[in-house]
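Structural characterization, general
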Amino acid sequence: GEFWGLDADRELFRHFRQYHTAEFPALAHVHRTTFARQAANLWRVKESLWQRLLPETGCDPSWALIDSFPLAVCRFGRAPSCRRFRGEAGYGPDHAAKATIYGFRLHARVCWPGVVTRLSVAPAGAADLAVVEELTDQTAGVCLGDRAYWAPELAGWLRGRGVELLAPFKKRASDPSPERGRTITRIRYRIETVFSQLCERLSIKRVWARDRWHLSSRLLRKVLAHTLMVVLNREQG
């Protein structure tokens with residue numbers, strides 16, 4: 001359903017109830033809210049399936065890219081009166097739209113050639129560097145980031161744990177190694193492709209969840225769908 005663009009629980013329920021009651025006979029009797037609640041309860045199962053599928057994608061766990069993108073929980077004009085995620089969400093920049101949002105930033109670790117292997121949700125105002133340790137925990141190899149990840153001290157600390165964090169110099173105009181910066185930027189652009197697939201094909205920015213329970217379930221559903229499509233495409237050559 002996610003792959004077909006049916007990203008809301010209401011749409012998923014209506015479609016599968018109409019066309020797939022032979023495979024799922026209980027859908028003919030269960031109420032939509034019960035379906036949505038049960039789907040949310042299965043978030044840990046979705047996470048387990050996602051992790052189990054990762055070896056089937058053929059991705060290289062030692063060659064990773066990290067970045068983040070904004071995830072609004074409501075329209076900005078409604079933020080002062082919004083009750084969603086009080087004490088958890090925050091205000092932060094959406095650099096692509098040159099605007100401020102109220103919500104989160106979704107931080108991801110993507111392994112080559114383009115498979116999401118780690119997710120972390122942080123308040124929208126949290127710096128990218130604050131989540132690097134979580135994204136790289138119990139991993140090894142090379143990890144590429146953009147200029148926001150330039151931090152020699154952190155890179156040295158991660159090197160001691162087996163992770164080589166590579167990022168261009170923080171300021172393009174004064175970059176002492178511009179060719180190195182261009183090479184890193186060219187390679188790490190693959191994560192932008194993955195983010196585009198998640199945002200445009202799977203509408204990951206339109207989860208509109210009301211609590212962490214539903215947010216986790218819907219995010220994992222979309223990442224699981226993306227991973228499964230990678231597996232199926234790889235099997236088809």
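Look above for the structure.
Read on for a plain summary of the structure. (Residues numbered from 1 in each chain as written. Predicted model: local features only at pLDDT ≥ 70, side-chain atom pairs only at ≥ 80, totals over all residues. Heavy atoms only, no water.)

**Here's the deal with the overall build of the protein**
The helix and strand inventory of the protein stands at eight helices and six strands. For the protein, the succession of helices and strands along the chain, N to C, is α-α-α-β-β-β-β-α-β-α-β-α-α-α. Relative to the globule expectation of 18 Å for 237 residues, the C-alpha radius of gyration of the protein, 19 Å, shows essentially globular dimensions. In the protein, which comprises 237 residues, the share counted as buried stands at 44%. Expressed as a percentage of contacts within the protein between residues at least 6 apart in sequence, the contacts between residues at least 24 apart total 58%. Roughly 13,300 Å² of accessible area belongs to the protein as shown, and the carbon and sulfur atoms make up 54% of that amount. (Helix = DSSP H or I, 4+ residues; strand = E, 2+ residues; numbered from the N terminus. Rg over C-alpha atoms; globule rule 2.2 N^0.38 Å. Buried < 20%, exposed > 50% of the residue type's maximum accessible area, 1.4 Å probe, protein only. Contact = heavy atoms within 4.5 Å. Areas by Shrake-Rupley, 256 points an atom, 1.4 Å probe, with all protein chains shown as cover.)

**Describing the packing of helix H1 (residues 9-19) against helix H2 (residues 32-41)**
Two numbers describe how H1 lies on H2: the axes approach to 10 Å, and their chain directions differ by 115 degrees. What the angle tells us is that H1 and H2 run roughly perpendicular. In this structure, the crossing between H1 and H2 has a hand that is right-handed. Every residue of H2 that contacts H1 at Asp 9, Arg 10, Leu 12 and Phe 13 is listed here: Arg 32, Phe 35 and Ala 36. Here the contact of H1 with H2 is composed, by residue class, of four nonpolar, no polar and three charged. (Axes fitted to C-alpha atoms, helices over the stretch in contact; angles between N-to-C directions. Parallel < 35°, antiparallel > 145°, perpendicular 65-115°, else oblique. Left-handed = near helix turned anticlockwise from the far one by under 90°. Nonpolar A, V, L, I, M, F, W, Y, C, P; charged D, E, K, R; others polar.)

**A word on the nonpolar core**
Ranked by size, the top nonpolar core spans 54 residues in total, and within it Val 116 and Leu 215 carry the most contacts. The element that contributes the greatest number of residues to this core is helix H8 (residues 212-235), accounting for eight residues. Every residue in contact with Val 116, bar those within four places of it in the chain, is listed here: Trp 50, Leu 54, Ala 108, Arg 109, Val 110, Val 194, Leu 198, Val 223 and Thr 227. (Core = buried A, V, L, I, M, F, W, Y, C linked by side-chain atoms within 4.5 Å.)

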